[in-house]
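Next come the chains, spelled out residue by residue.
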Amino acid sequence: LVPLAISVAFFRSLAARYILFVVPLLYIAIAAGILWLWRQHRVLGALGLAAAALVRDCPEVQFVFVGDGVALARLQQTAARENLPNVRFLGRFSSNQMPGLYALASALLIQLKDDPLFRITIPSKTFTYLASGKPIIAAVSGDTADIIAGAGAGITCKPGDPQTLANAVHLL
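All values derive from a computational prediction rather than experimental measurement.

### Some words on the packing of helix H2 (residues 46-54) against helix H8 (residues 162-171)
1) Next: For the pair H2 and H8, the least separation of the axes is 8 Å and the interaxial angle reads 65 degrees. The hand of the H2/H8 crossing is right-handed. Note on element contacts: H8 touches H2 through Pro162, Gln163, Leu165 and Ala166, opposite Leu47, Gly48, Ala50, Ala51 and Leu54.
2) Next: Across the contact of H2 with H8, the residue classes break down as seven nonpolar, two polar and no charged.

Have a look at this one:
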């Protein structure tokens, strides 16, 4: 048997570009990572959906979630129920595909719950986001916010507050 010379990763990457650019977009905020539950009641990513709802009247602003996890289905249901045409879910991509996605973004989003543990936590995506050279919107407090602000790498805003996140999106 001769194996097929088809790269699934290549087509997945093309699919992502098609999904992102099927309509002309001016601003894409990508939130990458595992979508998970914190203390069973808070969904990481819900803040992004709430901010997307606040800017739904700006079709040029798209919130793109890359990743999977236990909260993915809930986030997708919420986006459908709230009729958020400016939210897209691309699923999981390998770490070597992520720089290509970051290159398509206008800004990259980091969001953490305002919790004493998370104030001293620096998500690993912080460093890959910094390396991408793209502006970062960080809805965090503590060490991660200090790094983003100190590097002049983007905007920090109050964690858990959809309005300040939506305002940060408009500022960039």
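### Concerning the pattern of salt bridges
1) Next: Taken as a whole, this structure holds two salt bridges when the rule is applied.
2) Next: The partner of Glu82 in a salt bridge is Arg81, with the nearest N and O atoms 4.0 Å apart.
3) Next: For the salt bridge of Arg119 with Asp114, the shortest nitrogen-to-oxygen distance reads 2.9 Å.
4) Next: Residue Asp114 is classed as partly exposed on the basis of its relative accessible area, which comes to 40%.

### Concerning the confidence of the model for the protein chain
1) Next: In this model, the protein chain carries an average pLDDT of 77, and 75% of its residues clear a pLDDT of 70 or more.
2) Next: Within the protein chain, no element has a lower average pLDDT than strand S3 (residues 42-43), which sits at 46, and none a higher one than helix H7 (residues 143-151), at 96.
3) Next: A low-confidence stretch, residues 22-26 (pLDDT under 50), is modelled with nine contacts involving residues beyond four sequence positions or located in other chains.
4) Next: In the predicted structure, residues 37-43 sits below a pLDDT of 50 and forms 17 contacts with residues beyond four places in sequence or in another chain.

### Some words on the nonpolar core
1) Next: Leu49, Phe63, Val87, Ile137 and Leu165 are the most contacted members of the largest nonpolar core, which totals 24 residues.
2) Next: The contact partners of Val87, leaving out residues within four places of it in the chain, are Leu49, Ala52, Gln62, Phe63, Phe65 and Ala79.
3) Next: Grouped together as the second largest cluster of nonpolar side chains are 21 residues, Leu101, Tyr102, Phe118 and Ile148 included.

### Side note on the packing of aromatic side chains
1) Next: By the definition in use, this model includes two aromatic pairs.
2) Next: Where Phe65 meets Phe89, the ring centres are 5.3 Å apart and the plane angle is 20 degrees; that geometry is what we call stacked. Highlighted residues: Phe65 in strand S4 (residues 61-66) and Phe89 in strand S5 (residues 87-91), separated in sequence by 24 residues.
3) Next: Between Tyr102 and Tyr129, the aromatic rings sit 5.3 Å apart at their centres with planes inclined by 85 degrees, giving edge-to-face as the arrangement. With Tyr102 in helix H4 (residues 98-104) and Tyr129 in helix H6 (residues 125-132), this pair connects stretches of sequence that are 27 residues apart.
4) Next: With relative accessibility at 0%, the residue Tyr129 sits in the buried group.

The rules behind these values
Residues numbered from 1 in each chain as written. Predicted model: local features only at pLDDT ≥ 70, side-chain atom pairs only at ≥ 80, totals over all residues. Heavy atoms only, no water. Axes fitted to C-alpha atoms, helices over the stretch in contact; angles between N-to-C directions. Helix = DSSP H or I, 4+ residues; strand = E, 2+ residues; numbered from the N terminus. Left-handed = near helix turned anticlockwise from the far one by under 90°. Contact = heavy atoms within 4.5 Å. Nonpolar A, V, L, I, M, F, W, Y, C, P; charged D, E, K, R; others polar. Salt bridge = Lys/Arg side-chain N within 4 Å of Asp/Glu carboxyl O. Buried < 20%, exposed > 50% of the residue type's maximum accessible area, 1.4 Å probe, protein only. pLDDT = per-residue confidence, 0-100. Core = buried A, V, L, I, M, F, W, Y, C linked by side-chain atoms within 4.5 Å. Phe/Tyr/Trp six-rings, centres within 6.5 Å; stacked < 30°, edge-to-face > 60°.

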